[in-house]
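Chain residues, written in single-letter form:
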Amino acid sequence: MNVADSERMAGLLKEIGYTLTDDFDEADLLLINTCCVRETAEDKAFGKIGELKRLKVKKPSLIFGVTGCMAQKEGENLIKRAPHLDFVLGTGQINEIAKVVEGIETLHGQVVDVSNVGGKINIEKISPIRAGQVSTFVPIMYGCDNFCTYCIVPHVRGRERSRSEEEILAEIRGAVDSGFKEVTLLGQNVNSYGKDIGKTFSGLLTAANEISGLQRLRFMTSHPKDLSDEVIDAIASGEKICEHIHLPVQHGSDKILKKMNRVYTAEKYLRLVEKIRAKIPEISLTTDLIVGFPGETEEDFRELINLIREVKFDAAFTFIYSKRSGTPAATFPDQIDDETKHRRIEELIKVQDEISLEKNLALKDKIFDILVEGESKTDKNIFTGRTRTNKLVLFKHGNEKPGDLIKVKITQPQTWLLKGIREI
Ligand code: SAH
Ligand code: SF4
């Protein structure tokens with residue numbers, strides 16, 4: 001979501017004469033777009049804000065701003081803590097950025113505006129400057145109404161607001177016209193897209209599936225409580241809709257799920273997985289997991305391990321519970337000590353790695369359609385691409401170009417990626 005927001009801010013700033021640079025010393029404007037979902041993300045942002053002060057000292061005309069969720073959460077505190085900042089803008093102020101920067105260019109004051117959390121984000125008409133060349137993001141909604149008790153997102157991004165279907169489809173067409181082959185639709189809970197405007201997510205998926213020139217359509221994130229039969233059917237039948245669902249389960253203990261306010265039980269989640277797999281046998285399922293939530297006993301943790309062994313996710317993002325002030329869970333008794341949290345996450349990662357490897361080993365000698373992304377980061381003779389199921393594939397570069405659709409036979413499956421050779 002932050003990548004998509006940054007691309008939009010870059011688009012707005014272009015209209016007042018700014019272009020992107022990789023060279024910090026050359027920059028006239030420095031923007032840190034922050035996340036505060038976990039403490040580590042905030043620590044990183046604070047670290048960067050401090051570290052980059054040297055640029056402002058060297059070049060006092062440099063305009064230095066902070067945007068995003070941490071800016072929303074901290075507001076004035078940020079300027080107090082880092083007086084070298086010129087502005088702090090909240091998540092609802094994205095479309096103000098050009099005005100704010102122009103104001104500072106002429107008046108040189110400090111601006112803090114976090115007043116519009118949850119307000120209408122009128123960004124539909126912005127032309128984002130998109131990163132990458134094959135795959136891009138299109139936000140379909142903002143905010144979240146779910147209030148999971150550990151999570152800061154609803155507090156810093158406000159209530160759910162859906163963009164209009166026409167705007168979304170027009171944006172996808174625009175991205176395809178400028179060469180993108182794959183689009184990922186973004187929202188905190190895409191399954192509840194349209195509830196506020198009389199539309200449905202399955203309807204949006206089906207409409208987007210008709211866009212000519214688009215090769216692949218992805219979406220994230222899906223909350224298990226709202227994944228409808230219509231959405232499962234749309235994935236099963238839509239030829240561009242990829243067979244991958246990121247379906248965060250968070251935990252395997254009903255007691256913890258209830259305390260998290262996830263509104264499903266482990267059993268209900270398992271039945272949902274069964275239903276999805278019955279309709280789309282090739283589906284890949286990935287998830288988010290949290291260990292060390294307040295009150296998590298050894299037995300609760302075992303239930304989490306049992307659940308991941310039963311589901312066999314293709315991959316999982318694993319997190320240590322991070323106390324976020326302002327969320328209900330931050331005040332829950334029985335907070336878990338760091339040592340226990342670390343021990344549990346290590347075991348969780350070990351078990352999930354074994355499962356991921358087992359799932360990938362089953363793909364040996366199979367042939368997949370791969371959308372070519374480009375050179376690998378470490379070796380320009382190796383190219384990367386992805387299967388429809390979102391698995392990263394590495395292969396020796398021949399004459400492929402980014403955006404090509406090719407067939408690759410998997411020869412060396414590993415835990416996190418697949419190595420293969422091109423099939424002619
Ligand atoms: N809206 C998405 C995810 C948003 S945040 C969803 O509901 O699935 C991404 C992930 O961060 C969450 O799925 C959760 O696993 C994790 N997360 C959120 N708050 C957290 C916290 N306080 N501590 C640890 N992990 C957290
Ligand atoms: Fe956070 Fe829950 Fe909303 Fe996801 S669904 S953003 S975890 S409150």
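The coordinates are above.
Structural notes, computed from the coordinates. (Residues numbered from 1 in each chain as written. Chains lettered and ligands numbered in written order. Predicted model: local features only at pLDDT ≥ 70, side-chain atom pairs only at ≥ 80, totals over all residues. Heavy atoms only, no water.)

1. Looking at the overall build of the protein
Phase 1: When helices and strands are counted, the protein shows 14 helices and 17 strands.
Phase 2: Taking 22 Å as the expected radius of gyration for a compact globule of 424 residues, we find that the protein reaches 22 Å, a close match to that expectation.
Phase 3: The long-range share in the protein, meaning contacts at least 24 apart out of those at least 6 apart in sequence, stands at 71%.
Phase 4: In the protein, 61 side chains carry a positive charge and 65 a negative one; their mean positions are 1 Å apart. (Helix = DSSP H or I, 4+ residues; strand = E, 2+ residues; numbered from the N terminus. Rg over C-alpha atoms; globule rule 2.2 N^0.38 Å. Contact = heavy atoms within 4.5 Å. Lys, Arg positive; Asp, Glu negative; His and termini not counted. Charge placed at Lys NZ, Arg CZ, Asp CG, Glu CD.)

2. A few points about the site of ligand 1
Phase 1: Taken together, 15 residues surround ligand 1, and among them Arg-38, Gln-188, Gln-250, Asp-288 and Ser-322 come closest.
Phase 2: In the model, an oxygen atom of ligand 1 is placed 2.8 Å from a nitrogen or oxygen of the Arg-38 side chain.
Phase 3: For ligand 1, the protein covers 90% of the area, taking 540 Å² as the surface of the free molecule.
Phase 4: Counting only elements with at least two residues in the shell around ligand 1, the list comes to strand 11 (284-291) and strand 12 (315-320).
Phase 5: Looking at the shell around ligand 1 residue by residue, the class counts come to 7 nonpolar, 4 polar and 4 charged. (Near = heavy atom within 4 Å. Polar contact = N/O pair within 3.5 Å; in protein donor to acceptor, adjacent residues only side chain to side chain. Areas by Shrake-Rupley, 256 points an atom, 1.4 Å probe, with all protein chains shown as cover. Nonpolar A, V, L, I, M, F, W, Y, C, P; charged D, E, K, R; others polar.)

3. Thoughts on the sheet that holds strand 14 (residues 382-386)
Strands belonging to one sheet form pairs held by backbone hydrogen bonds; the direction of such a pair is parallel or antiparallel.
Phase 1: Spatial strand order, 13-14-15-17-16: 5 strands in a closed barrel with mixed pairing. Neighbour-to-neighbour, the strand axes of this sheet turn through a mean angle of 55°, independent of strand direction. (Pairing = 2+ DSSP bridges. Axes fitted to C-alpha atoms, helices over the stretch in contact; angles between N-to-C directions.)

4. Quick word on the packing of helix 8 (residues 165-177) against helix 9 (residues 201-209)
Phase 1: Interhelical geometry of helix 8 versus helix 9 gives an angle of 35° and a closest axis separation of 10 Å. Between helix 8 and helix 9 the crossing geometry is right-handed. Here helix 8 contributes Glu-165, Ile-168, Leu-169 and Ile-172 to the contact with helix 9, which in turn contributes Gly-203, Leu-204, Ala-207 and Ala-208.
Phase 2: For the contact of helix 8 with helix 9, a count of residues per class yields 6 nonpolar, 1 polar and 1 charged. (Left-handed = near helix turned anticlockwise from the far one by under 90°.)

Nothing here speaks to function; it is geometry throughout.
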